[in-house]
Amino acid sequence: MESNSRRQLVAGNWKMNGDKALVDKVQKQFAAATLNNMDVVICPPFPYLGLFDGKVKLGSQNISQFESGAHTGEVSVAMLKEFNCQYVIVGHSERRADNNESSSLVALKVEQVLNAYLTPILCVGEPEDVRDDGTLFDYIAAQLDTVLLKVGISQFADIVLAYEPIWAIGTGKTASPAQAQEVHAFIRGHLAKQDNNIAANIVILYGGSVKGNNAQELFSQADVDGGLIGGASLNPEDFLSICQAANQ
Ligand SMILES: O=C(CO)COP(=O)(O)O
């Protein structure tokens, strides 16, 4: 694999949790922290985006596939930009399940985010039965290929990927560092078939029950470049200790 300039990234996905008090706590915590070797992104629910004061990078948890117009309840990339949002989580398994988001819809959303020069955090990951029946790699490849077909490999230079095995999300059942590394290496190898350089440089996060006590081992795997953190991102102390693990 080629040399790379990957920097560790930790993104906190609050999901439909948190409140204004948590915004204040997180901002205080990170204003006092020194994290020079990694990037922190907070992805709160939409209403809280405007409350952040610029000390941490911001991401949203979803976006409309449309640019603007008569789409009640949707939020556009242009609106996110007005709130200094730099990242957008796209294709989280909870949205794929709760809102029937297909990989084709996910691909449209990725395209929308890229067109606005924001960074998609594109989530892929298998349910437990897929891992059990041995079709894990085909499943992940298919999720990636739908987006690859839509936007092309060169656009992956501006994408962050997140591998989130569904069986590990919110379950306390983390993928082992070896299991995470195996899939991350597969993803990088899959992209390398089209472009070695992009594959070597793309940041691939792991998500699924990352905590302060397992982050360091996960993040030290060769192809794991940080994490997408759910539950533990709601506790500023825990989240900071995860970020410190990525800062080393
Ligand atoms: O879904 C996740 C982040 O997007 C992971 O959630 P947990 O860290 O709560 O398992």
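Conventions used here
- Residues numbered from 1 in each chain as written.
- Predicted model: local features only at pLDDT ≥ 70, side-chain atom pairs only at ≥ 80, totals over all residues.
- UniProt positions renumbered as here; feature names shortened; annotations may be inferred.
- Near = placed C-beta within 6 Å.
- Nonpolar A, V, L, I, M, F, W, Y, C, P; charged D, E, K, R; others polar.
- Core = buried A, V, L, I, M, F, W, Y, C linked by C-beta atoms within 7 Å.
- Buried ≥ 20, exposed ≤ 12 C-beta atoms within 10 Å, placed from the backbone.
- Helix = DSSP H or I, 4+ residues; strand = E, 2+ residues; numbered from the N terminus.
- Contact = placed C-beta atoms within 7 Å.
- Pairing = 2+ DSSP bridges.
- Axes fitted to C-alpha atoms, helices over the stretch in contact; angles between N-to-C directions.
- Parallel < 35°, antiparallel > 145°, perpendicular 65-115°, else oblique.
- Left-handed = near helix turned anticlockwise from the far one by under 90°.
- Right-handed = clockwise from strand over helix to strand, strands pointing away.

- By the naming in an unreviewed UniProt entry, the protein goes by Triosephosphate isomerase and is assigned to Paraglaciecola psychrophila 170.
- According to its UniProt record, the protein has this under Sequence similarities (unreviewed entry): "Belongs to the triosephosphate isomerase family."
- The UniProt entry for the protein carries the following text under Subunit (unreviewed entry): "Homodimer."

**As for the site of the ligand**
Inference 1: With respect to spatial proximity, 14 residues lie near the ligand, and among them N13, I169, G207, G230 and G231 are the closest.
Inference 2: Classifying every residue of the shell around the ligand by side-chain character gives five nonpolar, eight polar and one charged.

**Focus: the nonpolar core**
Inference 1: Formed by 63 residues in total, the largest nonpolar core has its most connected members in A11, I121, L122, L161 and I242.
Inference 2: Broken down by element, the residue count for this core peaks at six residues, all from helix α10 (residues 236–247).
Inference 3: Residue contacts for A11: discarding those within four places in its chain leaves V41, C43, G59, Y87, I121, L205, L228 and I229.

**A short note on the sheet that holds strand β1 (residues 8–13)**
Inference 1: Read around the closed barrel, eight strands run β1-β2-β3-β4-β5-β6-β7-β8, paired in parallel fashion. Pairs of neighbouring strands in the sheet enclose a mean axial angle of 25°, with direction left out of account.

**Some remarks on the packing of helix α6 (residues 136–151) against helix α7 (residues 177–192)**
Inference 1: Running from N to C, α6 and α7 cross one another at 45°; their axes reach a closest spacing of 11 Å. As summarised for this structure, α6 and α7 are arranged oblique, according to the angle between their axes. The interaxial crossing formed by α6 with α7 has right-handed handedness. Counted together, F137, I140, A141 and L144 of α6 and V183, F186, I187 and H190 of α7 form the full contact between these two elements.
Inference 2: Grouping the amino acids of the contact of α6 with α7 by side-chain chemistry returns seven nonpolar, one polar and no charged.

**A short note on the UniProt feature "active site" (unreviewed entry) in the protein**
Inference 1: The UniProt entry lists H92 and E164 under the feature "active site" (unreviewed entry), expressed in the numbering used here. Look at the named residues: they lie 73 residues apart in sequence, but the longest C-alpha span between them is just 8.3 Å, so in the fold they bunch up.
Inference 2: Mapped onto the elements, H92 comes out in the loop between β4 (85–90) and α3 (93–98).
Inference 3: C-beta crowding within 10 Å serves as the criterion here: with 27 such atoms nearby, H92 is assigned to the buried category.
Inference 4: Other than its neighbours up to four places away in sequence, H92 contacts Q61 and C123.
Inference 5: Mapped onto the secondary structure, E164 falls in the loop between β6 (160–163) and α7.
Inference 6: Apart from the residues within four sequence positions on either side, E164 is in contact with S93, C123, G125, I169, G207, G208 and L228.

**A word on the environment of D158**
Inference 1: As for its position among the elements, D158 is in the loop between α6 and β6.
Inference 2: Residues D158 and T119, 39 residues apart in the sequence, show an inter-C-alpha distance of 6.1 Å.
Inference 3: Not counting chain neighbours up to four residues away, the residues in contact with D158 comprise L114 and T119.

**Considering the UniProt feature "binding site: substrate" (unreviewed entry) in the protein**
Inference 1: Here, the residues flagged by UniProt with the feature "binding site: substrate" (unreviewed entry) are N13, W14, K15, G170, S209, G230 and G231. Their sequence span is 219 residues, while the largest C-alpha to C-alpha distance among them is just 13.8 Å; these annotated residues converge on one region.
Inference 2: Within the fold, K15 resides in the loop between β1 and α1 (20–31).
Inference 3: Its 19 C-beta neighbours within 10 Å are what place K15 among the partly exposed residues.
Inference 4: Among the secondary structure elements, G231 is positioned in the loop between β8 (226–229) and α10.

**Concerning the pairing of strand β2 (residues 38–43)**
Inference 1: A large share of β2 lies buried, amounting to five of its six residues.
Inference 2: Both β1 and β2 contribute to a ladder of six bridges, which runs parallel. Note that in β2 the partner of L9 across the bridge is D39.
Inference 3: Handedness of the β1-α1-β2 crossover: right-handed.
Inference 4: As defined by bridge partners, β2 adjoins strand β3 (residues 57–60) across two bridges and the pair is classed as parallel. Opposite V41, over in β3, you have K57 as the bridge partner.

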